[in-house]
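Close look at the chain arrangement
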Amino acid sequence: MQEVEFLVVGCGPAGGTAAREAARSGVDTMVLERDPVVGAKRVCAAGLRPGFCENFDLPRSIVHCDTPTLTMHGLSGKRYEFDVGTAHTTTREELDGTIASLARAEGVHIATSTLYRGYVRDGDATIVEYADLKNGGRKKVRAQHVLLAQGSSARFDAGSPLEYDAWQAGLITCYQYRVYLDTPAIDATYKTLEMHYYLTETGRNVIAWMFPKRDHLSIGLGVAGKCSGKELRAELDAFLPSVASRLFPGVGYTIREEGNLLYGGAPRPCISDGSVMVAGTAAGLVDATTGEGIHEAATSGRVAAEAVVAAKRGRTTSPAQKYERDLKGIFYGRLRHRHKLMAFLERRPVRFDVLFEHLARTPRFADMLQRDRNDYSVGEWAYLYAQAALFSIRAFRP
Ligand SMILES: Cc1cc2nc3c(=O)[nH]c(=O)nc-3n(C[C@H](O)[C@H](O)[C@H](O)COP(=O)(O)OP(=O)(O)OC[C@H]3O[C@@H](n4cnc5c(N)ncnc54)[C@H](O)[C@@H]3O)c2cc1C
């Protein structure tokens, strides 16, 4: 049986970052990735926070557009504009592919076309079983540390502490068009991330977006729960003309269709069983109000790598517990709050407009809500509570 210090499942931003950063510190690392080419099949709008490339030491060449403006569109049809610093867009082929090649350069072995099946404890190590999709057959790897980062498709055995009953209810079905224009859209298109919140004719909440890329526009939407490809495509076909008439009126285009599941629930309550760690979307680390999860995924990969390196250097005897504690400290306050906020807004979708109006009037409040940690000063807490109370009063008005 193959032996390795650190085994990572999934080579998205979470798994790729964990592998790269652990290997950089001398940890013998292997990744199991289901797809034959890393990132090639990922469906995503791929918007990146300001500073993402610098923070994760990635080349600027993966950036397609710098997008300093975020626009929010609510039920009223009004458009609210926010300055978000310099956010970026890219594609997952480039993002995941680049992280993977940088990980390989650090000595990581990325085994593509391998499908993770499950794990069992074996003394102080873990045995992971996977299917070899290229050559056939099942194989096993024995690892000191294991990180599961297989995204929204993550499933855990009944009875595992990692299992989360509310997981299925948090899944959002998404459909996206890559729109290739015959001639470029109006200039503002390439500087703006657009988010739209509205209702289908049958009253289901929709979150839709337009993210610009070098050679195409990503225009897509997600609907909570199960929704057939046919229904989603019909909904997207109804949404597309509203974007086209503003951004590329009269311009011809071709489209490439793609679909995927996004997780929009609360973070997974338990993200380590004492030995195996769970990262990225598999841990439920997605902002329910925007669908943003790349920053959270890459950060969780980094925190996992730090825990593994700390164990190798004798600084901790329980890396999985360290990982869980550290990661919850960074993200859980904000992400749990975002999940509650989204449920509150979706109960009466006119509240989206109330929120956008409020944020547009109070840029300081909008800025503070972007922070990962809830490490506010007493004065900032007072300000936050006052703003939240004001928003609630407005949101509860008939
Ligand atoms: C339509 C859509 C738009 C989005 N837009 C944005 C956005 O603009 N900005 C943003 O920040 N976030 C966005 N997100 C969220 C973002 O995609 C996720 O948060 C992010 O991909 C999570 O990274 P990850 O590494 O945890 O998982 P993933 O990126 O899902 O990677 C998981 C990897 O594991 C592999 N895998 C899965 N199962 C197995 C298995 N059994 N064995 C081996 N390998 C396996 C997969 O092939 C994949 O490579 C969007 C999501 C969707 C669906």
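What you see is a predicted model, and the numbers here were worked out from it, not measured in a lab.

What about the overall build of the chain?
- From N to C terminus, the chain includes nine helices and 15 strands.
- For 398 residues, the compact-globule formula gives about 21 Å, and the C-alpha radius of gyration of the chain, at 21 Å, lands near that figure.
- Taken over the C-alpha atoms alone, the chain extends approximately 60 × 55 × 40 Å along its principal axes.
- Counting every position in the chain, which comprises 398 residues, the buried fraction comes to 43%.
- Looking at the chain alone, contacts between residues at least 24 apart form 69% of all its contacts between residues at least 6 apart.

Focus on the sheet that holds strand 13 (residues 217-224)
- One open sheet accounts for eight strands, arranged 3-5-4-11-12-13-10-14; its pairing is mixed. The open sheet has two free edges, formed respectively by strand 3 (47-48) and strand 14 (253-263), since each of these has just one partner strand.
- One ladder, built from seven bridges, connects strand 10 (residues 171-181) with strand 13; its direction is antiparallel. Residue pairing across strands places Cys174 opposite Gly222, the latter belonging to strand 13.

Re the packing of helix 1 (residues 13-24) against helix 5 (residues 294-312)
- It is the contact of helix 1 with helix 5, at a shortest axis distance of 7 Å, that shows an interaxial angle of 35°. Between helix 1 and helix 5 lies a crossing whose hand is right-handed. For the pair helix 1 and helix 5, contact is made by Pro13, Ala14, Gly15, Gly16, Thr17, Ala18, Glu21 and Ala22 and by Ile294, Ala297, Ala298, Ser300, Gly301, Arg302, Ala304, Ala305, Val308 and Val309, respectively.
- Among the residues making up the contact of helix 1 with helix 5, the classes are represented as 11 nonpolar, five polar and two charged.

Regarding the domain arrangement of the chain
- One can read the domain layout of the chain as domain 1 (2-45 + 92-165 + 268-335), domain 2 (64-89 + 168-263) and domain 3 (362-396).
- Here the C-alpha centre of domain 2 lies 29 Å away from the C-alpha centre of domain 1.
- The interface of domain 1 with domain 2 comprises eight residues on the first partner and 17 residues on the second.
- Looking at the side of domain 1 that touches domain 2 residue by residue, the classes come out as three nonpolar, five polar and no charged.

What about the site of the ligand?
- Inspection of the region around the ligand gives 38 residues, with Gly10, Gly12, Gly151, Gly280 and Gly293 positioned closest.
- Of all the elements in the fold, those that place two or more residues in the shell around the ligand are helix 1, strand 7 (114-122), strand 10, strand 14 and helix 5.
- Counting contributing residues, the shell around the ligand receives three or more from each of domain 1 (2-45 + 92-165 + 268-335) and domain 2 (64-89 + 168-263).

Re the pairing of strand 5 (residues 79-89)
- Looking at chain direction, strand 3 and strand 5 are connected through two bridges and run antiparallel. Residue pairing for strand 5: Gly47 is matched across the bridge by Thr89.

Some thoughts on helix 1
- An ideal rise of 1.5 Å per residue puts 16 Å on 12 residues; helix 1 measures up with 16 Å between its terminal C-alpha atoms.
- Most of helix 1 is tucked away, with 11 of its 12 residues classed as buried.
- Listed in full, the buried residues belonging to helix 1 are Pro13, Ala14, Gly15, Gly16, Thr17, Ala18, Ala19, Arg20, Glu21, Ala22 and Ala23.
- Here the buried face of helix 1 lies against strand 1 (2-9), strand 2 (29-32), helix 3 (92-105), strand 9 (138-148) and helix 5.
- Just beyond helix 1, the residue with positive phi is Gly26, at close to 90°.

Description of the nonpolar core
- Ranked by size, the top nonpolar core spans 106 residues in total, and within it Ala18, Leu147, Ala279 and Ala304 carry the most contacts.
- For this core, the element with the most residues is helix 5, which contributes 10 residues.
- Here this core spans two domains, and each of domain 1 (2-45 + 92-165 + 268-335) and domain 2 (64-89 + 168-263) adds at least three residues to it.
- Beyond its immediate stretch of four places on either side in the chain, Ala18 contacts Val8, Leu147, Ala149, Ala279, Gly301, Ala304 and Ala305.

Describing the environment of Lys78
- Tracing the chain through its elements places Lys78 in the loop between strand 4 (65-73) and strand 5.
- According to the C-beta neighbour criterion, Lys78 is exposed, with 12 such atoms within 10 Å.
- Along the primary structure Lys78 and Asp353 are separated by 275 residues, whereas in three dimensions their C-alpha atoms are 7.9 Å apart.

Some words on unusual backbone geometry
- Although it is not a glycine, Ala46 adopts a positive phi angle of roughly 55°.
- For Ala46, the position within the fold is in the loop between strand 2 and strand 3.
- With a phi close to 55°, Asp57 is a non-glycine residue in the positive phi region.
- With respect to the element layout, Asp57 can be found in the loop between helix 2 (52-55) and strand 4.
- Residue class for Asp57 comes out exposed when judged on the 12 C-beta atoms lying within 10 Å of it.

Some details on the packing of helix 1 against helix 3
- One can describe the packing of helix 1 onto helix 3 by two numbers: an axis separation of 9 Å at closest approach and a directional angle of 20°. Classified by the angle between their axes, helix 1 and helix 3 sit roughly parallel to one another. Between helix 1 and helix 3 lies a crossing whose hand is left-handed. Here Pro13, Gly16, Thr17, Ala19, Arg20 and Ala23 of helix 1 come into contact with helix 3, specifically with Leu95, Asp96, Ile99, Ala100, Leu102 and Ala103.
- Looking at the contact of helix 1 with helix 3, its residues break down into eight nonpolar, two polar and two charged.

Calculation criteria
- Residues numbered from 1 in each chain as written.
- Predicted model: local features only at pLDDT ≥ 70, side-chain atom pairs only at ≥ 80, totals over all residues.
- Helix = DSSP H or I, 4+ residues; strand = E, 2+ residues; numbered from the N terminus.
- Rg over C-alpha atoms; globule rule 2.2 N^0.38 Å.
- Buried ≥ 20, exposed ≤ 12 C-beta atoms within 10 Å, placed from the backbone.
- Contact = placed C-beta atoms within 7 Å.
- Pairing = 2+ DSSP bridges.
- Axes fitted to C-alpha atoms, helices over the stretch in contact; angles between N-to-C directions.
- Left-handed = near helix turned anticlockwise from the far one by under 90°.
- Nonpolar A, V, L, I, M, F, W, Y, C, P; charged D, E, K, R; others polar.
- Domains from an automatic or database assignment.
- Near = placed C-beta within 6 Å.
- Expected span 1.5 Å × (residues − 1).
- Core = buried A, V, L, I, M, F, W, Y, C linked by C-beta atoms within 7 Å.
- Parallel < 35°, antiparallel > 145°, perpendicular 65-115°, else oblique.

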